[in-house]
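Observations on the model geometry
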Amino acid sequence: MQIGLVILLGIYLLFRNMRINAKPLSQIKTVIRASEYAPYEQYIINQMNLESGYLTNTLSQPPIYNPFSMGRVRIRPTTQIDYYSNPNIDGGQDFGVYEDYISATQDFLLYLKYIRMPQGLTCREYNAYINSKNYAVDPRYEEKLNAMCKWVLFLQVLDF
């Protein structure tokens, strides 16, 4: 009986740890899906993946929690709690620090509202609009995002 409980506890902890590892993306998607920008979920995830290296860069990791590489906000409403600067990242630009991935995603959605992101855009139109607002300093930013649009079409064909 005790061996069975130990095995069950071990299985529970194993699956619990697996869920924790997948949690950031799940949290981000949940916030997007509850917003007016839900139709843009995959475009936003593409942008996040480009910005964060699929949630692997310094900015996207705790304790910074900035998967969208949002700069320090000075004008619009924000959920940022602090800022972070590193001379090795975009020449020392100030980046926002968040409490968690949920507040970071909420802030990105506040940004979309602030720039008046139109509804009903295609992947390429979304990318062009983001680029027109000078979201990134990379001159090839829109091109890189557009290269990710093929995955959006592929997932739509598969009905994901």
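This report concerns the structure included in the present document.

Further remarks concern the overall build of the protein. The helix and strand inventory of the protein stands at five helices and two strands. Counting from the amino terminus, the protein carries its helices and strands in the arrangement α-α-β-β-α-α-α. Classification of the 160 residues of the protein by burial places 37% in the buried group. Long-range pairs, those at least 24 residues apart, make up 56% of the contacts in the protein between residues at least 6 apart in sequence. When the accessible surface of the protein is split by element, carbon and sulfur atoms take 58% of a total near 9900 Å².

What the largest pocket holds in volume is close to 660 Å³. Considering the residues around the largest pocket, the lining is formed by 27 residues, among which Ser69, Met70, Gly71, Gln93 and Tyr135 are closest to the centre. The set of elements that each furnish at least two residues to the lining of the largest pocket consists of α2 (41–52), α3 (101–114) and α5 (141–157). The residue makeup of the lining of the largest pocket, split by class, is 13 nonpolar, six polar and eight charged.

This part is about the pattern of salt bridges. All told, the structure shown has seven salt bridges when counted by the stated rule. Between Arg74 and Asp94 there is a salt bridge whose closest N-O contact spans 3.3 Å. You can see Arg74 sitting in the loop between α2 and β1 (82–85) and its partner Asp94 sitting in strand β2 (residues 94–97), a full 20 residues away along the chain. Close ionic contact of Arg140 with Glu143 constitutes a salt bridge, the shortest N to O distance being 3.1 Å. Residue Arg140 is classed as partly exposed on the basis of its relative accessible area of 44%. Among the ionic contacts, a cluster of salt bridges with common partners joins Arg72, Arg74 and Asp94.

We now examine the nonpolar core. Core analysis: the biggest nonpolar cluster contains 30 residues, and Ile44, Phe108, Leu112, Met117, Tyr126 and Ile130 have the highest contact counts within it. A per-element tally of this core places α3 first, with six residues. With five residues, the next largest nonpolar core counts Leu59, Ile64, Ile89 and Phe95 among its residues.

What follows is about the state of the cysteines. Per the counting criterion, the structure on display carries one disulfide. Two residues share a disulfide in this structure: Cys123 and Cys149, whose sulfurs sit 2.2 Å from each other. Residues Cys123 and Cys149 share a disulfide whose torsion about the S-S bond is about -90°; that sign makes it left-handed. With a gap of 26 residues between them, Cys123 in helix α4 (residues 123–132) and Cys149 in helix α5 connect regions that are remote in the sequence. Accessibility expressed as a relative area gives 6% for Cys149, which makes it buried.

To continue, consider the side chain of Glu41. Here Glu41 shows up in helix α2. Exposure remark for Glu41: the relative accessible area of 15% places this residue in the buried category. Separated by 2.9 Å, the side chains of Glu41 and Arg33 make a polar contact. Look past the residues within four positions of Glu41 in its chain and what remains in contact with it is Lys29, Ile32 and Arg33.

Reading the values: rules and limits
- Residues numbered from 1 in each chain as written.
- Predicted model: local features only at pLDDT ≥ 70, side-chain atom pairs only at ≥ 80, totals over all residues.
- Heavy atoms only, no water.
- Helix = DSSP H or I, 4+ residues; strand = E, 2+ residues; numbered from the N terminus.
- Buried < 20%, exposed > 50% of the residue type's maximum accessible area, 1.4 Å probe, protein only.
- Contact = heavy atoms within 4.5 Å.
- Areas by Shrake-Rupley, 256 points an atom, 1.4 Å probe, with all protein chains shown as cover.
- 1 Å grid on protein atoms, 1.4 Å probe; cavity = no way out; pocket = protein on both sides within 12 Å on 5 of 7 lines; lining within 4 Å.
- Points joined across faces, edges and corners; volume = space filled by probe spheres on them.
- Nonpolar A, V, L, I, M, F, W, Y, C, P; charged D, E, K, R; others polar.
- Salt bridge = Lys/Arg side-chain N within 4 Å of Asp/Glu carboxyl O.
- Core = buried A, V, L, I, M, F, W, Y, C linked by side-chain atoms within 4.5 Å.
- Disulfide = S-S within 2.5 Å.
- Polar contact = N/O pair within 3.5 Å; in protein donor to acceptor, adjacent residues only side chain to side chain.

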